[in-house]
Amino acid sequence: MIVVAAGRGSRFGGAKQYADLAGRRVLDWSVDGARSVADGVVLVVPPGRGEEPEPAVEAVVEGGDTRSASVRAGLAAVPKYAEVVLVHDAARPLASHALFRAVADAVIAGTDAAVPVVAVVDTICDERGTVVDREGLRAVQTPQGFRANALRSVHAPGPEATDDATLVAANGGRLRLVLGDRWNLKVTEPADLVVAAAFLLEQG
Ligand code: CTP
Ligand code: MG
């Protein structure tokens, strides 16, 4: 399992993965979810923070300038014998154990990539204001799961993409969609942290 936490948080106004969420760091919640299904967790941290102790994970590596570069840094630290690799954004601290399990199981059942998706609730339009039919649209979340070989081979040439499953599918890999969770929000701006904290409080 790779948890990518090497972003700058420019829309948040700082390194959101280290911000406090209900008494722990955002990334601690994400690592907890990851641990609940994985044999091991590789945490990818911002450049310069690789020496900070992270006792909850098996390996800490420093990421790169882009998310794809950070995924590659993490992948290099995943043991060669791993057959299934999940990639999760540290910025999604509310991903449930059930969701991690469903994604891992979809890969184990036989596909190259499995991604959680949810229906789009907002009305969506393009930049000219023309409304796009949202019926056929889905928002893509993490954790995403991969047959390790498929993920390694698409990353070998060093591509840039915000989404690894898209890369696998674009290279002819089999993609399976799993039902995501509307509450698996991505902390992007400070207000998202308020919502996440309220959700955790409600859950007890
Ligand atoms: N990420 C990463 N390395 C990067 C960029 C992003 O590991 N160079 C990680 C982030 O830490 C986050 C996830 O990828 O967990 C999703 O990225 P995003 O939500 O865009 O986070 P940031 O890139 O940090 O935020 P922003 O785009 O606002 O700067
Ligand atoms: Mg980003």
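The text that follows walks through the structure, step by step, so that each part is easy to find. Everything numeric here is computed off the predicted structure, so don't read it as measured data.

Points about helix α2 (residues 67-76)
Looking only at α2, the buried set comprises S68, S70, V71, G74 and L75. All buried residues of α2 fall inside an arc of 160° around its axis, so they share one side. The elements touched by buried residues of α2 are β1 (2-4), β4 (42-45), β5 (59-62), β6 (84-89), α4 (148-155) and α5 (164-170).

Observations concerning the site of ligand 1
Taken together, the neighbourhood of ligand 1 is formed by 18 residues, with V4, A6, G9, S10 and S70 sitting nearest. One nitrogen or oxygen atom from the side chain of S70 is found 2.7 Å from a nitrogen atom belonging to ligand 1. Contact distances for ligand 1 include 3.2 Å between an oxygen atom and a backbone N or O atom of A91. Burial of ligand 1 by the surrounding chains reaches 88%, relative to a free accessible area of 560 Å².

Brief notes about helix α6 (residues 190-203)
The end-to-end C-alpha separation of α6 is 21 Å, in line with the 20 Å expected for 14 residues at 1.5 Å each. Of all the positions in α6, only L193, A196, F199 and L200 are classed as buried. Each buried residue of α6 lies within a common arc of 120° when the element is viewed along its axis, so the set occupies one face. Facing away from the buried surface of α6 by more than 90 degrees, the exposed residues are V194, L201 and E202. Where α6 is buried, its residues touch β2 (20-21) and α1 (26-35). Of the residues flanking the end of α6, it is G204, one or two places downstream, whose phi is positive at about 80°.

Section: unusual backbone geometry
Geometrically, the link from T142 to P143 is a cis peptide bond, its omega value of 10° lying close to zero. Within the element layout of this structure, P143 appears in the loop between β10 (138-140) and β11 (144-147). Here A22, not a glycine, exhibits a phi torsion of approximately 50°, which is positive. Here A22 lies in the loop between β2 and β3 (24-25). Looking at A22, the relative accessible area reads 48%, which means it is partly exposed.

Some remarks on the packing of aromatic side chains
Inspection of the entire model under this criterion finds one aromatic pair. Taking the centre distance of 5.5 Å and the plane angle of 25° together, the rings of W183 and F199 count as stacked. You can see W183 sitting in the loop between β12 (175-179) and α6 and its partner F199 sitting in helix α6, a full 16 residues away along the chain. Assessed through its relative accessible area of 43%, W183 is described here as partly exposed. Just above the ring of Y18 sits the side chain of R49; from NZ or CZ to the centre is 3.6 Å.

Describing the nonpolar core
M1, V3, L27, L43, L86 and F100 are the most contacted members of the largest nonpolar core, which totals 23 residues. Considering every element that reaches this core, the biggest residue donor is helix α3 (residues 97-108), with six residues. Residues in contact with L43, not counting those within four places in the same chain, are V3, A5, L27, V31, E54, V57, A59, V60 and V61. Ranked by size, the runner-up nonpolar core spans 22 residues in total, among them V85, V87, A113 and F146.

Section: the side chain of Q144
Within the secondary structure layout, Q144 lies in strand β11. Q144 sits in the buried class, given a relative accessible area of 1%. Polar side-chain contacts of Q144 include one of 2.5 Å to the side chain of D163. If we skip the residues at most four places from it in the chain, Q144 touches V85, L86, V87, V103, A114, V115, P116, D163, D164 and A165.

Definitions and cut-offs
Residues numbered from 1 in each chain as written. Chains lettered and ligands numbered in written order. Predicted model: local features only at pLDDT ≥ 70, side-chain atom pairs only at ≥ 80, totals over all residues. Heavy atoms only, no water. Buried < 20%, exposed > 50% of the residue type's maximum accessible area, 1.4 Å probe, protein only. Helix = DSSP H or I, 4+ residues; strand = E, 2+ residues; numbered from the N terminus. Arc of directions from axis to C-beta. Contact = heavy atoms within 4.5 Å. Near = heavy atom within 4 Å. Polar contact = N/O pair within 3.5 Å; in protein donor to acceptor, adjacent residues only side chain to side chain. Areas by Shrake-Rupley, 256 points an atom, 1.4 Å probe, with all protein chains shown as cover. Expected span 1.5 Å × (residues − 1). Phe/Tyr/Trp six-rings, centres within 6.5 Å; stacked < 30°, edge-to-face > 60°. Lys NZ or Arg CZ within 6 Å of the ring centre and 35° of its normal. Core = buried A, V, L, I, M, F, W, Y, C linked by side-chain atoms within 4.5 Å.

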